[in-house]
Amino acid sequence: MNINEPLYPNSKAFNEDSQCALDVKKLIDLFSVDTVIETGTWEADTTMWFATRVPTVFTIESDQEKANGNAERLKKYEHVTNIHGNSAHALEPIVKVLMKNKLAKCILFYLDLHGRVEWPLLKEIEIIGKYCPESIIVIDDCQVPNRDYQFDTYNNQRCNFEYVKAAVDKAF
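(A) Inspection of the overall build of the protein at higher detail. Within the protein, the regular secondary structure consists of 6 helices and 7 strands. Traced from its N-terminal end to its C-terminal end, the protein shows the element sequence α-β-α-β-α-β-α-β-α-β-β-β-α. For 172 residues, the compact-globule formula gives about 16 Å, and the C-alpha radius of gyration of the protein, at 15 Å, lands near that figure. Counting across all 172 residues of the protein, residues that qualify as buried make up 47%. Sequence separation of at least 24 residues holds for 63% of the intrachain contacts in the protein that already meet a minimum separation of 6.

So, in structure tokens, the structure goes:
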């Protein structure tokens, strides 16, 4: 993948961050990812990017209006499951079924639902650690040292490694 090539026609995938797309593509290829679970669909640009690269995609959006609009945008991708709900509640049943029935060999979790009504990030990490400890986790909108890129803040808490460290240590 050329870093300058379009991610998806007229795409805003990964907040238009080509480096992020390139890094995620490397993870998909290196680990033969066959399933992506995305929390925070928003307008489904990143979901569609995943849909062109991975056999199974689940995406969870908490905003009802966005989830409804995404259903239309995603209907041509039969291998994409579009879910409306709180990711802290919707995630667990999905991973339970996948793991119990051995339906996924390598799961990449793309956590992109930060600080709207509540911040489910730590709960998402807990669930992933409980059911899928050998999976890959990518946290979007996370502060990266020495990189000038946007990151989320919720209730004066930055989305960064210090915030998730205890949850990661406990879960894994």
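(B) Seen up close, the pattern of salt bridges. For the coordinates displayed, the defined rule picks out 7 salt bridges. Between Glu 43 and Lys 66 there is a salt bridge, with the nearest N and O atoms lying 2.9 Å from each other. On the criterion of sequence distance, the pair formed by Glu 43 in the loop between β1 (35–39) and α2 (45–51) and Lys 66 in helix α3 (residues 64–74) is long-range, its members being 23 residues apart. On the basis of relative accessible area, Glu 43 is assigned to the partly exposed category, the value being 32%. In this structure, the salt-bridge partner of Lys 123 is Glu 126, at a minimum N-O distance of 3.3 Å. Remark: Glu 126 and Lys 123 occur in helix α5 (residues 121–131); sequence separation between them is 3 residues, near one turn of the helix. Accessibility expressed as a relative area gives 33% for Lys 123, which makes it partly exposed. Its relative accessible area of 45% is what places Glu 126 among the partly exposed residues.

(C) A look at the pairing of strand β5 (residues 136–139). Across the two faces of β5 the burial differs, with Ile 136 and Val 138 buried and Ile 137 and Ile 139 not buried at all. Inspection of the sheet shows strand β4 (residues 107–111) paired to β5 by 4 bridges, in the parallel sense. Looking at β5, one finds that Phe 109 is bridged to Ile 137.

(D) Up close: unusual backbone geometry. The backbone of Glu 16 shows a phi angle near 65°, a positive value even though the residue is not glycine. Here Glu 16 lies in the segment before α1 (18–31). Taking the relative accessible area as the measure of exposure, Glu 16 reaches 57% and is therefore exposed.

(E) Here's a closer look at α1. Taking 1.5 Å per residue, 14 residues should reach 20 Å; α1 reaches 20 Å between its end C-alpha atoms and fits that length. Regarding α1, the residues found buried are Cys 20, Ala 21, Leu 22, Val 24 and Ile 28. Structurally, α1 contributes buried residues whose contacts are with α2, β4 and β5. Backbone nitrogen of Gln 19 and a side-chain oxygen of the N-cap are separated by 3.0 Å at the start of α1; the cap is Asp 17. Just downstream of α1, Ser 32 is the residue with a positive phi angle, here 50°.

(F) Local environment of the pairing of β4. Among the 5 residues in β4, 5 count as buried, and that is most of the element. Side-chain alternation along β4 places Ile 107, Phe 109 and Leu 111 on one buried face and Leu 108 and Tyr 110 on a second face that is also buried. In terms of strand pairing, β1 meets β4 through 5 bridges, oriented parallel. Bridge pairing in β4 links Glu 38 to Tyr 110.

Quick notes on the rules
- Residues numbered from 1 in each chain as written.
- Predicted model: local features only at pLDDT ≥ 70, side-chain atom pairs only at ≥ 80, totals over all residues.
- Heavy atoms only, no water.
- Helix = DSSP H or I, 4+ residues; strand = E, 2+ residues; numbered from the N terminus.
- Rg over C-alpha atoms; globule rule 2.2 N^0.38 Å.
- Buried < 20%, exposed > 50% of the residue type's maximum accessible area, 1.4 Å probe, protein only.
- Contact = heavy atoms within 4.5 Å.
- Salt bridge = Lys/Arg side-chain N within 4 Å of Asp/Glu carboxyl O.
- Pairing = 2+ DSSP bridges.
- Expected span 1.5 Å × (residues − 1).
- Polar contact = N/O pair within 3.5 Å; in protein donor to acceptor, adjacent residues only side chain to side chain.

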